[in-house]
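Residues per chain, in single letters:
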Amino acid sequence: MKAALHAVTAPATEHPPYVASGNECALFEHAWRHRLPVLLKGPTGCGKTRFVAHMAARLGLPLHTVACHDDLTAADLTGRYLLRGGDTVWTDGPLTRAVREGGICYLDEVVEARKDVTVVLHPLTDDRRILPLERTGEELAAPDSFMLVVSYNPGYQTLLKALKPSTRQRFVAIEFGFLPPQQEIAVVAAESGLAAERVRPLVALAGRLRALKGHDLEEGVSTRLVVYSATLIAAGVSIADAVLAGMIEPLTDDADVKAALLDVARAVIS
């Protein structure tokens, strides 16, 4: 059975909270005003998706988000004919809806999608800004309010899953990383309700664990996981249990690595 398409369309609402670490907000706004596609790259949980939601609300644009996966095809994005009440009816996919109506189409972790997806994106990422629909014979011209945004995590790239240079060079690229400690403490405290002084050791631990990426860990601790741990502590869970459940267990299943990470946690949070 074909996997379901994880696509969410959200209207412009109040700005989701986002703490800028540089000039990414201004760059994104300039890209939108000049009809340039944007590529966001950075580690898991560093705020890429939150950033897009924040900018969509800030610009007053609807946001069409697609979580890419191995089975995602071009037809999932553009649309297909479906049976409805005995009739065959064309149904737009999220990319086609965004092109027809305007707004931001955000493809999260685009390298996870099948290769035919990037072929569909190419005409939208040059001066043509069109979306050809072979099955309906249409050629849709993207309105000025349409913007294509994709993201990926360079740390997970392999020879089989990587953006081709010919695709990468069609985008304005913005690199994301984790916030400086003081800013990350403020974000985690605000989202978890835990006092900043109690958040501080959690952020320090996250920094130590991130330094292990590429050695014992495939990926470092995301800000999201720090928020999870802080939320558990604010709810009354012990620090040890919250760190284990929120920051250690999600990183590895290897017993030896887990024991080593717990040693680091005890040394930092003592």
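Quick notes on the rules
Residue numbers run consecutively from 1 along every chain, following the written order of its sequence. Selection of residues for local features in this predicted model requires a pLDDT of at least 70, selection of side-chain atom pairs for listing and counting requires 80 or more, and totals for whole chains, interfaces and linings are taken over all residues. The side-chain figures draw on all heavy atoms in the structure; neither hydrogens nor water molecules are used. Residues belong to a common nonpolar core when they are buried Ala, Val, Leu, Ile, Met, Phe, Trp, Tyr or Cys residues joined through side-chain atoms within 4.5 Å. Throughout, exposure labels follow a simple rule: accessible area from a 1.4 Å probe, protein chains only, divided by the maximum for the residue type, with under 20% read as buried, over 50% as exposed, and the rest as partly exposed. Put simply, DSSP marks the helices as runs of H or I at least four residues long and the strands as runs of E at least two long, and each gets a number from the N terminus on. Any two residues having at least one pair of non-hydrogen atoms within 4.5 Å are treated as being in contact. Each domain's extent is set by a domain assignment, obtained either automatically or from a database. Two parts placed together each lose some accessible area under a 1.4 Å probe, and adding up what both lose gives the buried area. Any carboxyl oxygen of Asp or Glu that lies within 4 Å of a side-chain nitrogen of Lys or Arg is treated as forming a salt bridge with it. Polar contacts, as counted here, are pairs of nitrogen or oxygen atoms within 3.5 Å of one another; within protein the pair requires one atom able to donate a hydrogen and one able to accept it, and residues that are adjacent in sequence qualify only if both atoms are side-chain atoms. Residues are sorted three ways: Asp, Glu, Lys and Arg are charged, Ala, Val, Leu, Ile, Met, Phe, Trp, Tyr, Cys and Pro are nonpolar, and all the rest, Gly among them, are polar. Residues enter patches when their relative accessible area tops 30% and they take part in no salt bridge; the joining distance is 9 Å for like charges and 5 Å for the nonpolar side chains Val, Leu, Ile, Met, Phe, Trp and Tyr. Residue burial considers only the protein chains on display, and all accessible areas are found by Shrake-Rupley using a 1.4 Å probe. In this tally Asp and Glu are treated as negative and Lys and Arg as positive; neither His nor the chain ends contributes. By convention, the charge on Lys lies at NZ, on Arg at CZ, on Asp at CG and on Glu at CD. For this analysis, a ring pair means two rings from Phe, Tyr or Trp (six-membered ring only for Trp) whose centres lie within 6.5 Å, classed as stacked if their planes differ by under 30 degrees, edge-to-face if by over 60, and tilted for the remaining angles. We call a charge positioned over a ring when the NZ of a Lys or the CZ of an Arg lies within 6 Å of the ring centre and within 35 degrees of the ring normal.

What follows concerns the nonpolar core. With 29 residues, the main nonpolar core has Leu95, Leu107, Phe146 and Leu148 as its most contacted residues. For this core, the secondary-structure elements that each account for two or more residues are α3 (74-78), α4 (94-101), β6 (103-108), α5 (115-121), β7 (130-133) and β9 (146-152). If one sorts the elements of this core by residue count, β9 sits on top with four residues. If near-sequence neighbours (up to four positions away) are discounted, phenylalanine 146 is found in contact with Leu95, Ala98, Val99, Gly102, Gly103, Cys105, Leu124 and Arg129.

A word on the domain arrangement of the protein. For the protein, the assigned domains read domain 1 (23-175) and domain 2 (181-267). Here the C-alpha centre of domain 2 lies 32 Å away from the C-alpha centre of domain 1. Contacts between the two partners involve seven residues from domain 1, matched on the other side by seven residues from domain 2. Across the domain 1/domain 2 interface, buried area totals approximately 530 Å², and carbon plus sulfur atoms make up 40% of it. Where arginine 50 meets glutamate 191, a salt bridge forms, and the shortest distance between an N and an O atom there is 2.8 Å. For the pair domain 1 and domain 2, the number of links is three residue pairs in polar contact (both at pLDDT 80 or more). Of the residues belonging to the side of domain 1 that touches domain 2, the class tally is two nonpolar, four polar and one charged.

For the rest of this paragraph, the subject is the pattern of salt bridges. In the structure shown here, the tally under the stated rule is 13 salt bridges. Here aspartate 144 ties to arginine 35 by a salt bridge, and the two come within 3.8 Å at their closest N and O atoms. Residue aspartate 144 is located in the loop between β8 (138-141) and β9, and its partner arginine 35 is located in the loop between α1 (24-33) and β2 (38-41); the two are separated by 109 residues in the primary sequence. For aspartate 144, a relative accessible area of 52% corresponds to the exposed category. The class of arginine 35 is partly exposed, set by a relative accessible area of 39%. A salt bridge links arginine 100 to glutamate 138, with the shortest nitrogen-to-oxygen separation between them at 3.1 Å. Here arginine 100, found in helix α4, pairs with glutamate 138, found in strand β8; they are 38 residues apart in sequence, far enough to count as distant. Judged by its relative accessible area of 29%, glutamate 138 is partly exposed. Overlapping salt bridges bring together Glu29, Arg33 and Arg58 as one network.

A cluster of acidic residues, Asp216, Asp253, Asp254 and Asp256, forms a negative patch at the surface. In this structure, aspartate 253 sits in the loop between α10 (239-248) and α11 (255-268). Aspartate 253 sits in the exposed class, given a relative accessible area of 76%.

Tallied over the full model, the rule gives four aromatic pairs. With a centroid separation of 5.4 Å and an interplanar angle of 90°, the aromatic rings of phenylalanine 28 and phenylalanine 51 are classed as edge-to-face. Here the residue phenylalanine 28 occupies a position in helix α1, and phenylalanine 51 occupies one in helix α2 (residues 48-59), the gap between them amounting to 23 residues. When its relative accessible area of 0% is taken as the criterion, phenylalanine 51 is described as buried. Pairing tyrosine 81 with tryptophan 90 gives two aromatic rings, centres 5.2 Å apart and planes at 70°, and the pair type is edge-to-face. In this structure tyrosine 81 comes out as partly exposed when scored by relative accessible area, which is 39%. Here the basic side chain of arginine 210 rests over the ring of phenylalanine 178, its NZ or CZ set 3.7 Å away from the ring centre.

Within the element layout of this structure, arginine 224 appears in helix α9 (residues 223-234). Judged by its relative accessible area of 42%, arginine 224 is partly exposed. Placed 180 residues apart in sequence, arginine 224 and threonine 44 show a C-alpha to C-alpha distance of 8.9 Å. Look past the residues within four positions of arginine 224 in its chain and what remains in contact with it is Thr44 and Gly45.

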